[in-house]
Amino acid sequence: MSSSASAVSPAGRLRAPDWLRDPKVWRTEVLAGLVVALALIPEAISFSIIAGVDPAIGLFASFTMAVTIAVVGGRRAMISAATGAVALVIAPLNREHGLGYLVAAVILAGVFQVVLGALGVARLMRFIPRSVMVGFVNSLAILIFMAQIPELTDVPWAVYPLVVGGLALMVFFPRITTVVPAPLVSIVILTVITVGAAIAVPTVGDKGELPSSLPVPGLPDVPFTMDTLTTVAPYAFAMALVGLMESLMTAKLVDEITDTHSSKTRESVGQGIANIVTGFFGGMGGCAMIGQTMINVKVSGARTRLSTFLAGAFLMVLCVVFGPVVSDIPMAALVAVMVMVSFATFDWHSVAPGTLRRMPAGEIAVMAITVACVVATHNLAIGVVVGSLTAMVVFAKRVAHLAEVTAVLDPDGSTVVYRVTGELFFASSNDLVGQFGYATDPDKVIIDLSAAHVWDASSVAALDAIETKYARHGKTVEITGLNDPSARLHDRLSGELAAGH
């Protein structure tokens, strides 16, 4: 049983989770939550700017998303907060109609996610191949790195040695001790240096004013009419799909990193509940954050819901209570953390020359297309969809050549038996019609499908076309060996489809 689950004692009584019983786990989760909270602040402010709202809106969203998903989510230790993908989707709505409509869209998106989760949309994850998953991870690492470039251009020269120093601390400090997460040590030391030496570099405070009070629940300031619903529904549905896709892909990645299983259905519903709560608190909504999740899971070693909850709680404490101190944190310290996350996230083995030599060309193409689409659009969902569609095309092309036809002529020359082996569907059935000797075959033709499976109407139409061509030459065709599903499909559609289609 995982570290955050409540174990059952031999006597049948529930015992406390590991983070309540083990001080080491408690320390890891608390410090991981603090590191994530520090990294969330500039990110949330940046995403607020993308969405065109006040920085407090993004920070409130990150607080309510993290705290809520820690309770109702299906993937332990995964961080959900305000994200760039969601900000891009809802920015036009805020620009054209105002904050009230944006908040209404967040609530409706949450409702959509609850419904989609209950309907089992998470089961679609099984159709995402590994090459797309690798492309998703690598493109994510590239996006995380690219997001730091603006913080490294047109800045004082002191930023660069600070970033290098931060990276050096995170590489070498774990060799001394792992009791305290290296990113936290790096942030603290760089902040002390810049404040103590009065080094003028960009800080967290330059990104925007931090909130001074907690969010207050309320209803969105919109007319509750059908016009409002039709206005916000398209944006809400798009937000729901993008949020679910990114969250489920991130959950799958964390499953692999931690070698544990999570409930994708619960995560889907949990994302919806978190967005509904966030909307009623006036936040901009969000979904799983891969960068902060990697900080939490891969860099800091967190494994329980406690780290997720504390990331949200610490975020508000840092903003409301320690706002002046947090504002002095140099952006260089957080850039160093995110660059480290980028390098840790990238699957370097996938691009090693030895791996590329062994991998099928189609798999490499799928991975490359996924990365290219994500980097070009800055939208992980688009990359995953395009990559998955490409993988389907590659698979169909590969399987299309697996249907083989062999002919055996009876000794007396009166009958020819064609044995078809493989899967018959729209791709493979196109070549099927051309593999028969309509003019030269004897009068009786048997097509043996005992080693084949008929999957779709295209295959039935191909079989009809074969019979029709033989009939034009005055020859009869007998189809044998159909398994039960193939026979039912053939009986239902044969003769009802136009020949050759």
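That block above? That's the structure.
The notes below deal with the structure included here. (Residues numbered from 1 in each chain as written. Predicted model: local features only at pLDDT ≥ 70, side-chain atom pairs only at ≥ 80, totals over all residues. Heavy atoms only, no water.)

**Regarding the packing of aromatic side chains**
Given two aromatic rings, their pairing is described by the distance between the two centres and the angle made by the two planes.
Consideration 1: Using the criterion set out here, one finds 8 aromatic pairs in the structure.
Consideration 2: Seen in terms of ring centroids, Phe346 and Trp348 are 4.5 Å apart; in terms of plane orientation they differ by 45°. Their pairing is tilted.
Consideration 3: For Phe346, a relative accessible area of 15% translates into the label buried.
Consideration 4: Taking the relative accessible area as the measure of exposure, Trp348 reaches 48% and is therefore partly exposed.
Consideration 5: Ring geometry for Phe436 against Tyr470: centres 6.3 Å apart, planes inclined by 85°, an arrangement best described as edge-to-face. On the criterion of sequence distance, the pair formed by Phe436 in the loop between helix H18 (429-432) and strand E5 (444-454) and Tyr470 in helix H19 (residues 457-472) is long-range, its members being 34 residues apart.
Consideration 6: What makes Phe436 buried here is its relative accessible area of 8%.
Consideration 7: Through pairs of rings, three or more aromatic residues link up here, namely Phe145, Phe343, Phe346 and Trp348.
Consideration 8: Of note, Lys469 hangs over the ring of Tyr438, and the distance from its end group to the ring centre comes to 5.8 Å. (Phe/Tyr/Trp six-rings, centres within 6.5 Å; stacked < 30°, edge-to-face > 60°. Buried < 20%, exposed > 50% of the residue type's maximum accessible area, 1.4 Å probe, protein only. Helix = DSSP H or I, 4+ residues; strand = E, 2+ residues; numbered from the N terminus. Lys NZ or Arg CZ within 6 Å of the ring centre and 35° of its normal.)

**Notes on the sheet that holds strand E3 (residues 404-409)**
Consideration 1: The sheet built from 4 strands is open, its strands ordered E3-E4-E5-E6 with mixed pairing. On the outer flanks of this sheet lie E3 and strand E6 (476-480), each paired with one strand and no other. The average undirected angle you get between the axes of adjacent strands in this sheet is 20°.
Consideration 2: Relative to E5, strand E4 (residues 415-424) is paired through 9 bridges, and the arrangement is parallel. By the bridge assignment, Leu424 is partnered in E5 with Val454. (Pairing = 2+ DSSP bridges. Axes fitted to C-alpha atoms, helices over the stretch in contact; angles between N-to-C directions.)

**Quick word on H19**
Consideration 1: In a regular helix each residue adds 1.5 Å, so 16 residues correspond to 22 Å; H19 covers 23 Å between its end C-alpha atoms and thus fits that length.
Consideration 2: Within the sequence span of H19, burial applies to Ser459, Val460, Ala461, Ala462, Leu463, Asp464, Ala465, Ile466 and Tyr470.
Consideration 3: Among the structural elements, E4, H18, E5, E6 and helix H20 (484-493) are those in contact with the buried residues of H19.
Consideration 4: Looking one or two residues past H19, Gly474 carries a phi angle of roughly 70°, positive in sign. (Expected span 1.5 Å × (residues − 1). Contact = heavy atoms within 4.5 Å.)

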